[in-house]
Amino acid sequence: MTSRFTELTVDCHDPERLAAFWCEVLDFKVIDRSEGKVEIGSWVPTVEDVRARQMPPTLVFIRVPEGKTVKNRLHLDVSPIDGSTQDEVSRLLDLGATKTDVGQGPDRNWVVMADPEGNEFDVLRTLAPQG
């Protein structure tokens, strides 16, 4: 018997808006929604797939009344696959992200950003072919 990491849940004020933002960032699709909850992913989970192998987790956005008050204890890291890190930062800024300072200092090879509700995430080095 074992468990699988299947979902990462994000508390938020506006699940639809945040899900739409992250769908654009990650090229995910909405796979489930109900009152106050939206789940997005790159695949639709089935029991058979989850039992057969570890699959990428989905993201679930759940409406909560309280706001974010401190730095995230857990955050996402994303890596550009089609362009430079700076190109991806620019794209994410256009989608509604902001650059943020969590004390990382200036000499880092990643960029700390926040989604439209202030949840921090990092843009890491590009994985795009160099050439």
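- Looking at an unreviewed UniProt entry, the chain carries the name VOC family protein, with the source organism given as Streptomyces yanii.

## Some thoughts on the UniProt feature "domain: VOC" (unreviewed entry) in the chain
Right, so step 1: Mapped onto this numbering, the UniProt entry annotates "domain: VOC" (unreviewed entry) at residues 4-126.
Right, so step 2: End C-alpha atoms of residues 4-126 are separated by 28 Å, and the span's content is 24% helix alongside 29% strand.

## Description of the sheet that holds strand β1 (residues 7-12)
The strands making up a sheet associate through hydrogen bonds between their backbones, and the pairing can be parallel or antiparallel.
Right, so step 1: As summarised here, the arrangement of the four strands in space is β1-β4-β3-β2, forming an open sheet in which the pairing is mixed. On the outer flanks of this sheet lie β1 and β2 (29-34), each paired with one strand and no other. Strand after strand, the sheet turns through a mean of 20 degrees between neighbouring axes, direction not considered.
Right, so step 2: Where strand β3 (residues 37-41) lies against strand β4 (residues 58-63), four bridges are found, and the strand directions are antiparallel. Bridge pairing links K37 to I62 in β4.
Right, so step 3: Across the face of the sheet, helix α1 (residues 15-26) comes into contact with β1, β2, β3 and β4 while running at roughly 160 degrees to β4.

## Some remarks on the pattern of salt bridges
Right, so step 1: Across all of its chains, the model carries six salt bridges by this definition.
Right, so step 2: With its nearest N and O atoms 3.7 Å apart, the salt bridge here joins R63 to E35. In this pair, R63 sits in strand β4 while E35 sits in the loop between β2 and β3, placing the two residues 28 residues apart along the sequence.
Right, so step 3: Look at R63 and you get partly exposed, because its relative accessible area is 43%.

## Focus: the nonpolar core
Right, so step 1: One finds W22, I40, F61, L92, M113, F121 and V123 to be the most contacted residues of the largest nonpolar core, which totals 22 residues.
Right, so step 2: For this core, the secondary-structure elements that each account for two or more residues are β1, α1, β3, β4, α3 (85-95), β7 (111-114) and β8 (120-123).
Right, so step 3: In terms of residues, this core owes the most to one element, α1, which gives six residues.

## Quick word on the sheet that holds β8
Right, so step 1: Ordered in space as β5-β8-β7-β6, the four strands form an open sheet in which the pairing is mixed. In this open sheet, the two edge strands, each paired with only one partner strand, are β5 (76-78) and β6 (98-99).
Right, so step 2: Of the strand pairs in this sheet, β7 and β8 are connected by four bridges, and their pairing is antiparallel. Looking at β8, one finds that V112 is bridged to D122.

## Examining the pairing of β2
Sheet faces and side chains relate simply in a regular strand, where the side chains alternate between the two faces.
Right, so step 1: Pairing geometry for β2 and β3, over five bridges, is antiparallel. Directly across from V30, in β3, lies its bridge partner I40.
Right, so step 2: Hairpin connection between β2 and β3: a loop of two residues separates the two successive antiparallel strands, and G36 in this loop has a positive phi of roughly 75 degrees.

## Looking at the environment of M113
Right, so step 1: As for its position among the elements, M113 is in strand β7.
Right, so step 2: Judged by its relative accessible area of 0%, M113 falls in the buried class.
Right, so step 3: Taking the C-alpha atoms as reference points, M113 and V70, 43 residues apart in sequence, are found 15 Å from one another.
Right, so step 4: The contact partners of M113, leaving out residues within four places of it in the chain, are V89, L92, L93, A97, T98, K99, T100, N119, E120, F121 and V123.

Cut-off values and rules
- Residues numbered from 1 in each chain as written.
- Predicted model: local features only at pLDDT ≥ 70, side-chain atom pairs only at ≥ 80, totals over all residues.
- Heavy atoms only, no water.
- UniProt positions renumbered as here; feature names shortened; annotations may be inferred.
- Helix = DSSP H or I, 4+ residues; strand = E, 2+ residues; numbered from the N terminus.
- Pairing = 2+ DSSP bridges.
- Axes fitted to C-alpha atoms, helices over the stretch in contact; angles between N-to-C directions.
- Contact = heavy atoms within 4.5 Å.
- Salt bridge = Lys/Arg side-chain N within 4 Å of Asp/Glu carboxyl O.
- Buried < 20%, exposed > 50% of the residue type's maximum accessible area, 1.4 Å probe, protein only.
- Core = buried A, V, L, I, M, F, W, Y, C linked by side-chain atoms within 4.5 Å.

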